[in-house]
Amino acid sequence: PALQAAFDAGADIAEIDIRMTADGALVLMHDAALDRTTTGSGPLSAMTLAEIRKLDAGSWFGPSYAGTPVPTLDEVLEWSRGRLGLLIELKNFPDRDPAFVDRLISAIETSAAEDFAVPACFDHPTLAKLHHRHPGWALEMIVPCRLADPVHAARAAGATLLSLEPDFTVAEDIEALHAAGLSVLTTVTSPVQGRHLLKIGVDILESNDVGVAVSTLREYGAR
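Residues numbered from 1 in each chain as written. Predicted model: local features only at pLDDT ≥ 70, side-chain atom pairs only at ≥ 80, totals over all residues. Heavy atoms only, no water.

**Quick notes on the overall build of the chain**
Part 1 of the argument: Per the secondary structure count, the chain includes 9 helices and 8 strands.
Part 2 of the argument: Whereas a compact globule of 223 residues would reach a radius of gyration of roughly 17 Å, the chain reaches 18 Å, a difference of no more than 12%.
Part 3 of the argument: Projected onto the principal axes, the alpha-carbon positions of the chain cover approximately 50 × 40 × 30 Å.
Part 4 of the argument: In the chain, of all internal contacts separated by at least 6 residues, the share reaching a separation of at least 24 is 47%.
Part 5 of the argument: Counting every atom, the chain has about 11,200 Å² of accessible surface; 54% of that belongs to carbon and sulfur.
Part 6 of the argument: The positive charge centre, built from 17 side chains, and the negative charge centre, built from 31, are 1 Å apart in the chain. (Helix = DSSP H or I, 4+ residues; strand = E, 2+ residues; numbered from the N terminus. Rg over C-alpha atoms; globule rule 2.2 N^0.38 Å. Contact = heavy atoms within 4.5 Å. Areas by Shrake-Rupley, 256 points an atom, 1.4 Å probe, with all protein chains shown as cover. Lys, Arg positive; Asp, Glu negative; His and termini not counted. Charge placed at Lys NZ, Arg CZ, Asp CG, Glu CD.)

**Section: the environment of Thr110**
Part 1 of the argument: Position of Thr110 among the secondary structure elements: in helix 4 (residues 98-110).
Part 2 of the argument: Residue classification places Thr110 among the exposed residues on the basis of a relative accessible area of 66%.
Part 3 of the argument: Along the primary structure Thr110 and Leu28 are separated by 82 residues, whereas in three dimensions their C-alpha atoms are 18 Å apart.
Part 4 of the argument: A distance of 2.7 Å separates a polar side-chain atom of Thr110 from the backbone oxygen of Ser106. (Buried < 20%, exposed > 50% of the residue type's maximum accessible area, 1.4 Å probe, protein only. Polar contact = N/O pair within 3.5 Å; in protein donor to acceptor, adjacent residues only side chain to side chain.)

**Section: the pairing of strand 3 (residues 85-90)**
Part 1 of the argument: Burial within strand 3 is extensive, with 6 of its 6 residues counted as buried.
Part 2 of the argument: Residues Gly85, Leu87 and Glu89 point to one face of strand 3 and Leu86, Ile88 and Leu90 to the other, with burial holding for every one of them.
Part 3 of the argument: Looking at chain direction, strand 1 (residues 13-20) and strand 3 are connected through 6 bridges and run parallel. Across the sheet, residue Ala14 finds its bridge partner in strand 3, namely Leu86. (Pairing = 2+ DSSP bridges.)

**A few points about the packing of aromatic side chains**
Part 1 of the argument: Summed over the entire model, instances satisfying the criterion amount to 2 aromatic pairs.
Part 2 of the argument: Taking the centre distance of 5.5 Å and the plane angle of 70° together, the rings of Trp60 and Phe61 count as edge-to-face.
Part 3 of the argument: Ring centres of Phe61 and Tyr65 lie 5.5 Å apart, and the angle between their planes is 65°; this geometry places the pair in the edge-to-face category.
Part 4 of the argument: Assessed through its relative accessible area of 33%, Tyr65 is described here as partly exposed.
Part 5 of the argument: By way of ring pairs, the aromatic residues Trp60, Phe61 and Tyr65 are connected into one cluster.
Part 6 of the argument: Taking NZ or CZ as reference, Arg83 lies 5.0 Å from the ring centre of Phe7, over its face. (Phe/Tyr/Trp six-rings, centres within 6.5 Å; stacked < 30°, edge-to-face > 60°. Lys NZ or Arg CZ within 6 Å of the ring centre and 35° of its normal.)

**Regarding the pattern of salt bridges**
Part 1 of the argument: Under the criterion given, the structure shown has 8 salt bridges.
Part 2 of the argument: The residue Arg81 makes a salt bridge to Glu78 at a minimum N-O spacing of 2.3 Å.
Part 3 of the argument: Overall, the relative accessible area of 63% leaves Arg81 in the exposed class.
Part 4 of the argument: In this structure, Arg146 engages Glu172 in a salt bridge whose closest nitrogen and oxygen atoms are separated by 3.6 Å. Taken together, the residues span a long stretch of sequence, with Arg146 in the loop between strand 5 (140-143) and helix 6 (150-157) and Glu172 in helix 7 (residues 171-179) at a distance of 26 residues. (Salt bridge = Lys/Arg side-chain N within 4 Å of Asp/Glu carboxyl O.)

Put into structure tokens, the structure is as follows:
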């Protein structure tokens, strides 16, 4: 439902988070624990897909979403079929099980989603492993700070897109990244802030409120 709402509101791309179940399935889940957003409790990694599918993942948000199951990555890729791009954040740490990357690659290849699914990670060595196996794939490097040499860091990870924190999104860094053929994403919280971000060259605006991003792009000239 959230992805459909984002699409209906005019989003071109959406970020999702994936974790791996005890039996190796990839499902959408931000938290390591099930407690906040489902009727389950404890770590997701300790439960099988069959057990997780019995949980209600919608009631916490509102009565009209009661009964919504935890979706698998395969289901979301099939649902999208490219109409909504997906930034797939890998929540593969702290375990860093190699099977996680294997399952991700299999899911993207099986769904022929290479053109609209972009793996993303805070764990940059994971991105480097993905790049080694699929050098043609777009990858998003999530950066929680300002790097001394963002171009070098991106090259080391094989990333083509950098997700920067708004406070560390600086014009001179964007200029250097663009000169290296790299793209920049950051978070917009208001049209006024968004105007500044577009002026300094940010390529992709994301927001918890799709309407803010869409209205910013419409008002200040999406390109």
